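The chain contents come next:
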Amino acid sequence: MAHVSANSKQIRIQIRFNGERKITTVDLEPTKANLKAQKIRADDAQEQLKQGRPWELVRAWLRDEQPEGEPSAFAQTVGYYAQLMFDTAEVADTTLQEYENTYHRVWSRFDSWPIDSLDFLEITRALANLNSKKTKKNALSVLSKVFFIAIKDKNCPLKHNPCSNWTFKKEQKTVIDPYSQEEKQKLLSTLASFNSREAYYFYVAAFGTGARPGELYGLRWDCVDLTNEVAPMMHIRRAISRGKLGPVKTRQERTVSLTQDVAAMLRDNPSRFKSEFVFLRPHKTTGDLIPMVDGEWIQEQWHLAHDLADIRLRPPPYPYRHTYISNALQHGVNEFWLCKQTGHDLATMRKHYAKWIKENIDAERRNLAILESETEKRHTNGTQSDDQKT
C-alpha cells in the first residue's frame, strides 16, 4: 500500500513492501493536484518494487534524481545520505517525522553539497541561526546520523564524522522566579475582570496544579473526577504539542490532586457539558469557543494581564509551574509527593528548586530539634520524679 501526505513544503511518500516501510520525500508543494499526481507515481513505484527493482533506484526515480541505471555522482551528496538515513532509520513514525522536519529546516540547504565538503565551519554557521542549546543539539544529532550512514558506505570519501566530540558552551542555569501570592491573585483578578473568562479558568488551573501548558491544552472532561468532593482529581494522559494531541512530555501518565479552588472553578466552567476539552479559546474571526490547540491566544491574554496589573513578567515557559512548586515546598509539602503531582523526576526537582527544598529541610530540622528538646525535658523530669520517690 502506498500513501502520500503533506510534509511542510514537501510531499512525503510511504510504501509498505514485504513487511518493510519505504519512505522518501519529494520537493513539491503539497497541493491537491501534486498529491494526486504523486499518489499515482507512488503506486507505480510499488509495482516496480514488486518486479524486483532495487529501492535505491525506485527512490531516485520518485525524486527525479537520476536516469535509469546504477547510482551515480548524486550518491555522494549530503541530500542523498540524508534520504538514505530516513529510509533506513528503525524508529517510530513520529520520531522519523521529527528527524525529517529538523533536517529540512536546518540542513536541506546543503543537499547538493558533496558529503565530505560540509565541514566544522559551515556546521557552526548553520547552528548559529538556532536559538536554544536543545534545538542545536537536536539538529546536530540528525546531521550526525547522516554522517554515520555515509561513513558506513565503503565508496564514500568521508572517513570521519565532523559532529563527533562536539561541545556546546554551558547555558545559564534556569532562573526560578516565582510570583508572590499577592501577584498571583492580582493577575487572576485582572484576567477575570476584562472579559477573559477562558484565560482566567486556564490560569487558575495552571497556578493550582503546576501542570505544563500542553497538558492543560489537551485535558478532556473525561479525565476530570469531581465526584469526590474531599479529594477531587484530574488525570494527565495526553498533551497538545505543535497543534497535535499526543503523549505527555515524560511519556508517563499521572494523577493530579486538585485544590478546592481549582475544583470549584472546574465545576463552574461553562464548557463542562458543552465541549470535549476543558479549556477553550475564542476563534479569531467567529468568536466561537474552540479547543486550545496552541499557546498564541493564551499568551496574549497573559501578557495583557501583566500590563493591566502592572506586574513584572517572569521568564517563560513555566512561571506559574515554578510558583506552584516553590510555594508547595515553602509550606512543607513532601518533595517525593510533589514529583508525582507535577511529573518531575527527583533529580530535576532538586536541581531547580534546591533553595526551597533547603528551606523545607531547615524547618524540619528545627522541628526535630524542638521535639528532641521536649523529649529530653520529659526524660529529665521523669528521672527527677523517680529520685524524689526513692
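Everything discussed here concerns the structure shown above.
So, here is what we can say about the structure in this document. Here the structure is a predicted model, which means the values were calculated and not measured.

Read across the sheet, three strands follow the order E1-E2-E3 without closing on themselves; strand pairing throughout is antiparallel. Single-partner strands in this sheet number two, and they are strand E1 (2-7) and strand E3 (20-26). When strand polarity is set aside, the average angle formed by the axes of neighbouring strands in this sheet is 20°. Two strands pair when backbone bridges link them, and E1 and strand E2 (residues 10-17) are joined in this way by six bridges, in the antiparallel orientation. Within E2, the position partnered with His3 by the bridge is Gln14.

Across the interface, helix H8 (residues 197-209) lies against helix H10 (residues 260-268) with an axial gap of 9 Å and an inter-helix angle of 155°. Classed by the angle they form, the pair H8 and H10 counts as roughly antiparallel. Seen along the crossing, H8 lies across H10 with a hand that is left-handed. For the pair H8 and H10, contact is made by Tyr201, Val204, Ala205, Gly208 and Thr209 and by Asp261, Val262, Met265 and Asp268, respectively. By residue class, the composition of the contact of H8 with H10 is five nonpolar, two polar and two charged.

With that settled, the discussion passes to the sheet that holds strand E4 (residues 224-225). Where strands meet in a sheet, backbone hydrogen bonds hold them as pairs that are either parallel or antiparallel. In spatial order, the strands read E4-E5-E8; together these three strands make up an open sheet with antiparallel pairing. Strand pairing shows two members of the sheet lacking a second neighbour, E4 and strand E8 (254-257), which therefore form its edges.

Position of His235 among the secondary structure elements: in strand E5 (residues 233-236). Looking at His235, the relative accessible area reads 18%, which means it is buried. A distance of 3.1 Å separates polar atoms of two side chains, one belonging to His235 and the other to Thr255. In contact with His235, not counting residues within four places along its chain, are Leu219, Cys223, Arg254 and Thr255.

Applying the stated rule across the entire model yields 15 salt bridges. Here Glu47 makes a salt bridge to Lys50, at a shortest N to O gap of 3.7 Å. Remark: Lys50 and Glu47 occur in helix H1 (residues 32-50); sequence separation between them is three residues, near one turn of the helix. Under the relative-accessibility criterion, Glu47 is labelled partly exposed at 39%.

All right, on to a positive patch on the surface then. Together, Arg105, Lys134, Arg242 and Lys249 make up a positively charged patch on the protein surface. Summarising the element assignment, Arg105 is placed in helix H4 (residues 93-106).

Moving on: unusual backbone geometry. Apart from glycine, the bulk of residues carry a negative phi angle, and the bulk of peptide bonds sit in the trans form. Even without being a glycine, Asn18 presents a positive backbone phi close to 55°. The exposure class assigned to Asn18 is exposed, which follows from its relative accessible area of 66%. With a phi angle near 55°, Asp310 is a residue other than glycine that sits in the positive phi range. Here Asp310 lies in the loop between helix H11 (296-309) and helix H12 (319-330).

If you look at the biggest cluster of nonpolar residues, it comprises 43 residues, and the most contacted ones within it are Phe202, Tyr203, Met234, Leu266 and Phe279. Only helix H7 (181-193), H8, helix H9 (213-217), E5, strand E6 (238-241), H10 and H11 provide two or more residues apiece to this core. The element best represented in this core is H8, accounting for eight residues. Ignoring any residue separated from it by four or fewer positions in sequence, one finds Met234 in contact with Thr209, Ala211, Leu216, Leu219, Cys223, Val224, Arg254, Thr255, Val256 and Leu258.

For the rest of this paragraph, the subject is H7. Over its 13 residues, H7 extends 18 Å from the first C-alpha to the last, a length consistent with the 18 Å expected when each residue adds 1.5 Å. Buried within H7 are the following residues: Lys184, Leu187, Leu188, Thr190 and Leu191. Buried residues in H7, looked at end-on, bunch into an arc of 160°, giving them a common side. Exposed and facing more than 90 degrees away from the buried side of H7 are Glu182 and Ser193. Lining the buried residues of H7 we find H8 and H11.

Within the structure shown, the criterion is met by 17 aromatic pairs. Ring geometry for Phe207 against Tyr320: centres 6.2 Å apart, planes inclined by 75°, an arrangement best described as edge-to-face. Of this pair, Phe207 sits in helix H8 while Tyr320 sits in helix H12; the two residues are 113 residues apart in sequence, bridging distant segments of the chain. Using a relative accessible area of 4% as the deciding quantity, one classes Phe207 as buried. What makes Tyr320 buried here is its relative accessible area of 2%. What links up through ring pairs into an aromatic cluster is the set Tyr179, Phe202, Tyr203, Phe207, Tyr217, Phe279, Trp302 and Tyr320. The ring of Tyr179 is capped by Arg314, whose NZ or CZ atom sits 4.4 Å from the centre of that ring. Above the face of the Tyr318 ring, Arg321 is positioned so that its terminal group lies 5.8 Å from the ring centre.

Calculation criteria
Residues numbered from 1 in each chain as written. Predicted model: local features only at pLDDT ≥ 70, side-chain atom pairs only at ≥ 80, totals over all residues. Heavy atoms only, no water. Pairing = 2+ DSSP bridges. Helix = DSSP H or I, 4+ residues; strand = E, 2+ residues; numbered from the N terminus. Axes fitted to C-alpha atoms, helices over the stretch in contact; angles between N-to-C directions. Parallel < 35°, antiparallel > 145°, perpendicular 65-115°, else oblique. Left-handed = near helix turned anticlockwise from the far one by under 90°. Contact = heavy atoms within 4.5 Å. Nonpolar A, V, L, I, M, F, W, Y, C, P; charged D, E, K, R; others polar. Buried < 20%, exposed > 50% of the residue type's maximum accessible area, 1.4 Å probe, protein only. Polar contact = N/O pair within 3.5 Å; in protein donor to acceptor, adjacent residues only side chain to side chain. Salt bridge = Lys/Arg side-chain N within 4 Å of Asp/Glu carboxyl O. Patch = residues over 30% accessible without salt bridge, like charges linked within 9 Å, V, L, I, M, F, W, Y side chains within 5 Å. Areas by Shrake-Rupley, 256 points an atom, 1.4 Å probe, with all protein chains shown as cover. Lys, Arg positive; Asp, Glu negative; His and termini not counted. Charge placed at Lys NZ, Arg CZ, Asp CG, Glu CD. Core = buried A, V, L, I, M, F, W, Y, C linked by side-chain atoms within 4.5 Å. Expected span 1.5 Å × (residues − 1). Arc of directions from axis to C-beta. Phe/Tyr/Trp six-rings, centres within 6.5 Å; stacked < 30°, edge-to-face > 60°. Lys NZ or Arg CZ within 6 Å of the ring centre and 35° of its normal.

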